[in-house]
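Breakdown of the fold
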Amino acid sequence: MRVAFLLLLILHAVVHLFWFAHAFGWVEQEYFNKVIPPMVGFSWFLAAFFLLASAILLGKGRLNWFHPALIGVLISQMWIFSAWEATKLGSLVNLIILIGVFIGYSKSRFEGHFQEDVQATFENLLLSGKRLKEKHLKSLPNVVQHYIRRSGAVGQPKVENFYLEFDGEMRRQGEAWFRFSSRQYNFIPRPKRLFFMKARVKGISTQGYHSYQPPSAKMTVKALSIYPVVKADSPEMLQTETVTFLNDLCLFAPGALIDERIQWETLDEFRVKAIFTYQKIQISAVLFFNTEGDLVDFHSEDRYDIGQMKFLPFSTPVKEYRVFEGIRLPSYGEATWHYPDGPFVYGKFKLKTVRYNQTEMTGEDS
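Since the model is a prediction, treat every value here as computed from it, not as a measurement. (Residues numbered from 1 in each chain as written. Predicted model: local features only at pLDDT ≥ 70, side-chain atom pairs only at ≥ 80, totals over all residues. Heavy atoms only, no water.)

Before going further, it helps to examine the overall build of the protein chain. Summing up its helical and strand segments, the protein chain has seven helices and 16 strands in all. For 366 residues, the compact-globule formula gives about 21 Å, and the C-alpha radius of gyration of the protein chain, at 26 Å, lies well above that figure. In terms of overall dimensions, the protein chain has a C-alpha envelope of 90 × 45 × 35 Å along the principal axes. Within the protein chain, the fraction of its 366 residues that count as buried is 51%. Put simply, 52% of the contacts in the protein chain that link residues at least 6 apart link residues at least 24 apart. Here the protein chain has roughly 18,600 Å² of accessible surface; of this, 58% comes from carbon and sulfur atoms. Positive and negative charge centroids in the protein chain, built from 41 and 35 side chains respectively, lie 2 Å apart. (Helix = DSSP H or I, 4+ residues; strand = E, 2+ residues; numbered from the N terminus. Rg over C-alpha atoms; globule rule 2.2 N^0.38 Å. Buried < 20%, exposed > 50% of the residue type's maximum accessible area, 1.4 Å probe, protein only. Contact = heavy atoms within 4.5 Å. Areas by Shrake-Rupley, 256 points an atom, 1.4 Å probe, with all protein chains shown as cover. Lys, Arg positive; Asp, Glu negative; His and termini not counted. Charge placed at Lys NZ, Arg CZ, Asp CG, Glu CD.)

What follows deals with unusual backbone geometry. The amide bond that connects Pro-214 to the next residue, Pro-215, takes the cis arrangement and shows omega of 15°. With respect to the secondary-structure elements, Pro-215 resides in the loop between strand 4 (204-213) and strand 5 (216-223). Of note in this structure, Glu-325 is not a glycine but carries a positive phi near 55°. Counting through the fold element by element, Glu-325 comes out in the loop between strand 14 (318-324) and strand 15 (327-339).

Another point: the confidence of the model for the protein chain. Reading predicted coordinates in detail is not appropriate for stretches of low pLDDT. Overall, the predicted model of the protein chain reaches an average pLDDT of 89, with 92% of residues at or above 70. Per-element mean pLDDT across the protein chain ranges from 58 in helix 4 (residues 84-87) up to 98 in strand 10 (residues 295-300). (pLDDT = per-residue confidence, 0-100.)

Time to look at the nonpolar core. Judged by nonpolar contacts, the single largest core of 68 residues is most densely connected at Val-144, Phe-162, Leu-246, Leu-257, Trp-264 and Leu-287. The element that contributes the greatest number of residues to this core is helix 7 (residues 235-252), accounting for nine residues. Among residues more than four places away in sequence, those in contact with Phe-162 are Gln-184, Tyr-185, Asn-186, Ile-188, Asp-248, Leu-249, Phe-252, Ala-253, Arg-355 and Tyr-356. Grouped together as the second largest cluster of nonpolar side chains are 15 residues, Phe-5, Ala-13, Trp-65 and Ala-69 included. (Core = buried A, V, L, I, M, F, W, Y, C linked by side-chain atoms within 4.5 Å.)

So, about the layout of surface pockets. Approximately 970 Å³ is the volume found for the second largest pocket. Arg-2, Leu-58, Lys-107, Arg-200 and Ser-205 are the residues nearest the centre of the second largest pocket, which is lined by 32 residues in total. Elements that contribute at least two residues to the lining of the second largest pocket include exactly helix 1 (2-23), helix 5 (89-123), strand 1 (161-170), strand 2 (178-187), strand 3 (192-201) and strand 4. Sorting elements by how many residues they give to the lining of the second largest pocket places helix 5 first, with seven residues. Of the residues that constitute the lining of the second largest pocket, the class distribution is 12 nonpolar, 11 polar and nine charged. (1 Å grid on protein atoms, 1.4 Å probe; cavity = no way out; pocket = protein on both sides within 12 Å on 5 of 7 lines; lining within 4 Å. Points joined across faces, edges and corners; volume = space filled by probe spheres on them. Nonpolar A, V, L, I, M, F, W, Y, C, P; charged D, E, K, R; others polar.)

Evaluation of the coordinates by the stated rule reveals 23 aromatic pairs. Seen in terms of ring centroids, Phe-196 and Tyr-209 are 6.4 Å apart; in terms of plane orientation they differ by 50°. Their pairing is tilted. Of the two residues, Phe-196 is situated in strand 3 and Tyr-209 in strand 4; the sequence distance between them amounts to 13 residues. Of the two residues, Phe-196 and Tyr-209, neither departs from the other in class, the shared state being buried. Taking the centre distance of 6.2 Å and the plane angle of 55° together, the rings of Tyr-339 and Phe-344 count as tilted. Take Phe-344: its relative accessible area is 13%, and that puts it in the buried class. An aromatic cluster is built from Phe-110, Phe-114, Phe-122, Tyr-163, Tyr-185, Phe-187, Phe-196 and Tyr-209, whose rings are joined through pairwise contacts. Positioned above the aromatic ring of Phe-314, the side-chain terminus of Arg-303 is 4.2 Å from the ring centre. Here the guanidinium or amino end of Lys-348 rests over the ring plane of Trp-177, the centre of that ring lying 4.7 Å away. (Phe/Tyr/Trp six-rings, centres within 6.5 Å; stacked < 30°, edge-to-face > 60°. Lys NZ or Arg CZ within 6 Å of the ring centre and 35° of its normal.)

Side chains on a regular strand alternate between the two faces of the sheet. Pairing between strand 1 and strand 16 (residues 342-356): nine bridges, direction antiparallel. By the bridge assignment, Leu-164 is partnered in strand 16 with Val-354. Judged from the eight bridges that link them, strand 15 and strand 16 form a sheet pairing that is antiparallel. Within the sheet, the bridge partner assigned to Ala-335 lies in strand 16 and is Gly-347. Between strand 15 and strand 16, which pair antiparallel one after the other, the connecting turn spans two residues. (Pairing = 2+ DSSP bridges.)

Attention now moves to the packing of helix 3 (residues 66-80) against helix 5. Interhelical geometry of helix 3 versus helix 5 gives an angle of 155° and a closest axis separation of 9 Å. Classified by the interaxial angle, the pair formed by helix 3 and helix 5 is roughly antiparallel. For helix 3 against helix 5, the interelement crossing comes out left-handed. Where helix 3 abuts helix 5, its residues Phe-66, Ala-69, Leu-70, Val-73, Ser-76, Gln-77 and Ile-80 lie against Gly-90, Ser-91, Asn-94, Ile-97, Leu-98, Val-101, Gly-104, Tyr-105 and Ser-108. (Axes fitted to C-alpha atoms, helices over the stretch in contact; angles between N-to-C directions. Parallel < 35°, antiparallel > 145°, perpendicular 65-115°, else oblique. Left-handed = near helix turned anticlockwise from the far one by under 90°.)

Turning next to the pattern of salt bridges. Across all of its chains, the model carries 12 salt bridges by this definition. One salt bridge connects Glu-111 with Arg-183, and the closest N-O pair in it is separated by 2.3 Å. A residue pair is termed long-range when its members are at least 10 positions apart, and Glu-111 in helix 5 and Arg-183 in strand 2 qualify at 72 residues. A residue is classified by how much of its surface remains accessible, and Arg-183, at 4% relative accessible area, is buried. For Glu-241, the salt bridge is made with Arg-193, and the minimal N-O distance between the two is 3.5 Å. Here Glu-241, found in helix 7, pairs with Arg-193, found in strand 3; they are 48 residues apart in sequence, far enough to count as distant. On the basis of relative accessible area, Glu-241 is assigned to the buried category, the value being 2%. Salt bridges here are not isolated pairs; linked through shared partners, they connect Arg-150, Glu-292, Asp-294 and Arg-328. (Salt bridge = Lys/Arg side-chain N within 4 Å of Asp/Glu carboxyl O.)

Listed below in structure tokens is the structure:
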């Protein structure tokens, strides 16, 4: 649909260029004998220019592609009315483009909320620049110390924020998998997790925004960025997203596990319990390590299944460790609910990009 719409913009622009050429006598339209004043002819050229500019921006994936499209359609429609019999078909094309403009505006507005929240956080951000040293690990369980050392975090700047990009698949119970891509920003000293996802569900463009900004947490998913499919901002969301925040720290910011808000209990040689407390929320998870010292699973009993509004055991088994930004991290993981009748994998995540201690928005947000 996106490609078809892009081609429609280009074709509509080409038609306007023909009318521009007709106005100056460069091309003859046999079925149209009306004289077009040069000023009107030049306006056809302007309409074509804006429509082509919109097609280029859309082709590059820019959120603001619809601005020039709207200008082009308004110029086009103004002169279509002046030569209605010969050009009325153009009104139908303009109507289709206007529908696309409305969807484009809605998409830009929805994604803009995410970008505004990220930008507002960076405007008030100061990094300490301190480095993680061996002495900072002394109070941690041995297996966690080994995990942090093995990751390569010792000697690196302390992680105060990080940016992640994923590709993957998700599904609901009884439904087919759909592909998605996502990007997120996590801020640690004052916890925040801002996660934005793009997907195509049953052929329909769908976007989701998870905002964890204590004391609130929200999740909104919209089809075509217009119709809300999921909207959750209940108190249970805050606890659920706090578990997710801790999960991100354990998997993608090993050096951040020195955080004083995390209390540790050693269960055995390969298992520890992490208890994270922030404001009035306290959650916990059990971390599983293999014999080499890699974290291989994260299991929590404190996460809500928002669809069913009840606690369900939640886990994220991970594997395929790679080096990102000098830190050894798992590049593949699964999100799993453990129902009474057995586990259900609802998400598969492939890590594409990691950046630490950013001072401004990155990737397509910049």
